Amino acid sequence: MRVLVHSLTFPPDSVSTGKLVAEIANGISLAGHDVTVLASTPQYNPNQEVEKDQPLDRISKNLYRSQYKNVEVDHIKSNARSHKKIRRALQWVRYHLFSVKYFIKNRNNFDTILVFSYPPTMNLVVLFCSLVLRKNVIYSLWELYPEVALNLAEVTKGVVSKPFKLIDNIALKKAKVIVNSNELKFYLEKERNIPSGNIEVIYHFSPDENPKLNHDGIEQINKTIAYAGNFGKPQDLLSFVNNFNKVNDGSWKLLLIGSGAQYKEVENLESETIKVYSYLAKSELNKLLHGVQIMLVALSSKLTVEGFPGKTFDYMSRGKYILGYANPNSSVAKLITNHKVGTNIKPEDHLSLENFLNQVDIEDIKISSKNAISLSETNFSKGAIVSQYLELLN
């Protein structure tokens, strides 16, 4: 089958979501399908070292081409991601316009298009490819809008959200939809009236081969919590840092690595016990996290099923104990507790955070680490997840 994979991010952009898409695309190619990728040029984490191994060759004014393992990748020329809402929206519009032009020109070169959902306006791509081009569309939905924006008060209910949800519902009914939790599937069925047969649940995995925590060698808790990921409003990392400062007796350290809308505010809280880093190369990140036993997954208390931090699976593949800081009803909190890979603390519950810092047990860390590694090698392995994508293509 000829498959076009469409995503905003993709290597050589060194962002985790892009690497996840890349490994899915390569897995589909290795299974014998003819795969092409359409993505943007690096917007999030441009890395000159990575681009040396995956150079971008210009083939037209606004299009570049590269090779990722077995897959040919076309990149639409894009500027670095803006954190300003209007400017970022304009970047999405430009990207979609050039994408549509590409689809029309290459419509006879693919049978199925696999669309990955960020930005939320990818639903327009789903509609165009299904209704206009009459292609088979698989839509991998990682964040649910307008619910995310409404719950975070980024938009008000009405003029924008209602027509957006209407368009989104049509797109979800025209495609085979992949969601990343059972809770999100249930929500779509109940609240959006999307037929159950349209929806498949496929979780994420870590696209990297990460060094694993030697849980059997743990003799004492090193009292360090690390976070590596997005500093955006959906994560609300600032809330955790403020509560950590309230209850930390000075013996615990916090390592925060990443970028996003809250980066400057978090950076301003840097101290002897809180260290903040911007983007780190993989080798530097691995070195920094080598002895860390506990890693933080943060999600705004206002979100439940609408978003699922993909970094959870990266942490699990490292064998880290997962400290969730999320609404107890969220999909990520339920995964952490149900699979016994750590614990979850309700945001703003500083007393529970204080109890955790005082009472976390070495044996709990060891058991959670073993569970995390086991799950990463079975249920949430690359092979298992790619196989589920392949089933939808066959």
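The coordinates are above.
Cut-offs applied
- Each chain carries its own residue numbering, running from 1 in the written order of its sequence.
- At least 70 in pLDDT is required for a residue's local features to be given in this predicted model, at least 80 for side-chain atom pairs to be given and counted, and no such filter applies to totals for whole chains, interfaces and linings, which use all residues.
- No hydrogens and no water enter the side-chain calculation; it runs on all heavy atoms of the structure.
- Each pair of strands is called paired provided DSSP finds at least two bridges between the two strands.
- For helices the rule is a DSSP run of H or I covering at least 4 residues; for strands it is a run of E covering at least 2, with both sets numbered from the N terminus onward.
- Axis angles are defined between N-to-C directions and span 0 to 180 degrees, where every axis is a line fitted to C-alpha atoms and, for a helix, only to the segment in contact.
- Only heavy atoms enter the contact rule, under which two residues are in contact if any of them lie within 4.5 Å.
- Buried Ala, Val, Leu, Ile, Met, Phe, Trp, Tyr and Cys residues that are joined via side-chain atoms within 4.5 Å together make up what is termed a nonpolar core.
- Burial classes: relative accessible area under 20% of the type maximum marks a residue as buried, over 50% as exposed, and values in between as partly exposed (1.4 Å probe, protein chains only).
- Salt bridges are defined by distance alone: a side-chain nitrogen of Lys or Arg within 4 Å of a carboxyl oxygen of Asp or Glu.
- Working definition: a ring pair exists when centres of Phe, Tyr or Trp rings (six-membered ring for Trp) sit within 6.5 Å. Plane angles under 30 degrees give stacked, over 60 give edge-to-face, the rest tilted.
- Counted as over-ring charges are cases with an Arg CZ or a Lys NZ within 6 Å of the ring centre that also lie within 35 degrees of the ring normal.

A. Structural detail: the sheet that holds strand S13 (residues 294-298). Spatially, S12-S11-S10-S13-S14-S15 is the arrangement adopted by the six strands of the open sheet, whose pairing is parallel. The open sheet has two edge strands with one neighbour each: strand S12 (274-277) and strand S15 (342-345). The mean angle between the axes of side-by-side strands here comes to 20 degrees, regardless of whether they run parallel or antiparallel. When strand S11 (residues 253-259) meets S12, the two strands line up parallel, connected through four bridges. Looking at the pairing, isoleucine 257 lines up with tyrosine 277 of S12. Of the strands in this sheet, strand S10 (224-230), S11, S12, S13 and strand S14 (321-325) touch helix H8 (residues 237-247), which is tilted by about 165 degrees from S11.

B. Representation of the nonpolar core within the structure. In this structure, Phe103 and Leu256 are the most contacted members of the largest nonpolar core, which totals 121 residues. What phenylalanine 103 contacts, discounting residues up to four positions off in sequence, is Leu4, His6, Leu38, Phe110, Ile113, Val125, Phe128, Cys129 and Leu133.

C. Broad picture of the pattern of salt bridges. Under the criterion given, the structure shown has 16 salt bridges. Here glutamate 72 ties to arginine 65 by a salt bridge, and the two come within 3.9 Å at their closest N and O atoms. With relative accessibility at 30%, the residue arginine 65 sits in the partly exposed group. One salt bridge in this structure joins lysine 176 and glutamate 200, with 3.7 Å as the shortest N-O distance. Taken together, the residues span a long stretch of sequence, with lysine 176 in strand S8 (residues 176-179) and glutamate 200 in strand S9 (residues 199-201) at a distance of 24 residues. Judged by relative accessible area, which is 25%, lysine 176 ranks as partly exposed. Each member of the salt-bridge network shares a partner with another, and the members are Lys19, Asp208, Lys282, Asp314 and Arg318.

D. Just helix H4 (residues 122-132), in detail. Burial analysis of H4 places eight of its eleven residues in the buried class, the great majority of the element. For H4, the complete set of buried residues consists of Met122, Asn123, Val125, Val126, Leu127, Phe128, Cys129 and Ser130. One or two steps after H4, the chain reaches arginine 134, where phi turns positive at roughly 60 degrees.

E. Fine view of the side chain of aspartate 314. Among the secondary structure elements, aspartate 314 is positioned in helix H11 (residues 311-317). If we skip the residues at most four places from it in the chain, aspartate 314 touches Ser206, Asp208, Asn210 and Lys282.

F. Geometry of the sheet that holds strand S7 (residues 136-141). Ordered in space as S3-S4-S5-S2-S1-S6-S7-S8-S9, the nine strands form an open sheet in which the pairing is mixed. Two strands in the sheet have a free side with no partner beyond their single neighbour: strand S3 (57-60) and S9. Across this sheet, the average inter-strand angle for adjacent strands is 25 degrees, counted without regard to direction. Relative to strand S6 (residues 112-116), strand S1 (residues 2-6) is paired through four bridges, and the arrangement is parallel. Note on S6: the bridge partner recorded for valine 3 is threonine 112.

G. Quick look at the packing of aromatic side chains. Applying the stated criterion to the full structure yields 14 aromatic pairs. An angle of 90 degrees between the planes, with centres 5.7 Å apart, marks the rings of tryptophan 92 and tyrosine 118 as edge-to-face. Note that tryptophan 92 is positioned in helix H3 (residues 85-105) and tyrosine 118 in the loop between S6 and H4, a separation of 26 residues in sequence. On the basis of an interplanar angle of 25 degrees and a centroid distance of 5.6 Å, the ring pair of phenylalanine 308 and phenylalanine 313 is categorised as stacked. Residue class for phenylalanine 308 comes out buried when judged on its relative accessible area of 9%. Phenylalanine 313 sits in the buried class, given a relative accessible area of 2%. Connected via pairs of aromatic rings, a cluster forms that spans Tyr203, Phe308, Phe313 and Phe380. The ring of phenylalanine 110 has lysine 135 sitting right over it, with the charged end atom 5.1 Å from the ring centre.

By themselves, these figures tell us nothing about what the structure is for.
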